[in-house]
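Descriptive analysis of the structure
Residues per chain, in single letters:
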Amino acid sequence: MDLIVDFEGREEKVRVEKLGPSEYEVIVGERTYRVDASTDGDVWSLLLEGQQHEVAVAREGANAFRVGTRGETESVSVYDPLEFEVLASTGGPGAHGAQRVEAMMPGRVVKMLAAEGDAVSVGQGVLVLEAMKMENEIVAEAEGVVAQLAVEEGQAVEAGDLLFVVEDAAEA
């Protein structure tokens, strides 16, 4: 499984391959690690290069996690590489400036979850789009204010059509 991990503004390509029931090979950049992992809910026990680590992981948003070990916690974002490319094409998560969110495929807007002027957080639903007989919640990719809703309930959209714009709260 390939992932993109964003930690402290640094993006790393990470590959994880399962070797056994609890054993993984994790490749970060040029380094390769063998990891033995087990979990009890939100706490992971990792054996990494002969060292035991207890790591707490809590979801903070759609792709955001709070990871803690030895009394220190950090925010980490994890993305599928294709999803990361799509987000990067709209300015990326956490980027400054307006975030334009466009339809990825033809569909119909079935529900509005936010209004122009509403404050939204990363991963918060803004509207629901029905495409290929499935309802998909389209979420804010950045924290800010809904500056523009370019669609309304019942409206048909094509791939590439603008759905909404989120601006930094300071710029709105």
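Refer to the preceding data block for the structure.
Here goes a summary of the coordinates provided. From a predicted model like this one, the values you see are computed outputs, not experimental measurements.

Take the pairing of strand β13 (residues 134-139) next. The pairing of strand β12 (residues 125-131) with β13 spans 6 bridges and is classified as antiparallel. Across the sheet, residue V128 finds its bridge partner in β13, namely E137. Counting the residues in the hairpin turn of β12 and β13 gives 2 residues, including M132, whose phi is positive at 55°.

A separate point is the nonpolar core. Counting 17 residues, the largest nonpolar core has L163 and F164 as its most contacted members. Once you skip the residues sitting within four places of it in the chain, F164 turns out to touch Q99, R100, V101, V126, L127, I138, V139, A140, Q148, L149 and A150. In terms of nonpolar packing, the next biggest core, distinct from the first, is built from 7 residues, V14, Y33, V35 and V76 among them.

Here we come to unusual backbone geometry. Phi is positive for E49, close to 50°, though the residue is something other than glycine. With respect to the secondary-structure elements, E49 resides in the loop between β5 (43-48) and β6 (51-59). Phi angles above zero are rare outside glycine, and M132 is one such case at about 55°. Topologically, M132 is positioned in the loop between β12 and β13. Since its relative accessible area comes to 67%, M132 is described here as exposed.

On any regular strand, side chains alternate: one points to one face of the sheet, the next to the other face. For β5 and β6, the ladder comprises 6 bridges, and the chain directions are antiparallel. Bridge pairing in β6 links V43 to A56. With antiparallel pairing between neighbouring strands as the criterion, β5 and β6 make up a hairpin whose turn holds 2 residues, including E49 at a positive phi of roughly 50°. Both β6 and strand β7 (residues 64-69) contribute to a ladder of 4 bridges, which runs antiparallel. Paired with R59 across the strands is F65, a residue of β7. In sequence, β6 turns back onto β7 through a hairpin of 4 residues.

This brings us to the sheet that holds strand β16 (residues 162-167). Strand order in the open sheet formed by 4 strands is β9-β16-β14-β11, with antiparallel pairing between adjacent strands. Every interior strand has two partners, whereas the edge strands, β9 (99-102) and β11 (119-120), have only one. In this structure, β11 lies alongside strand β14 (residues 144-149), joined through 2 bridges in antiparallel fashion. In the sheet register, A119 faces β14, and the bridge partner there is V145.

What counts, and at which threshold
Residues numbered from 1 in each chain as written. Predicted model: local features only at pLDDT ≥ 70, side-chain atom pairs only at ≥ 80, totals over all residues. Heavy atoms only, no water. Pairing = 2+ DSSP bridges. Helix = DSSP H or I, 4+ residues; strand = E, 2+ residues; numbered from the N terminus. Core = buried A, V, L, I, M, F, W, Y, C linked by side-chain atoms within 4.5 Å. Buried < 20%, exposed > 50% of the residue type's maximum accessible area, 1.4 Å probe, protein only. Contact = heavy atoms within 4.5 Å.

None of this, on its own, says anything about what the molecule does.
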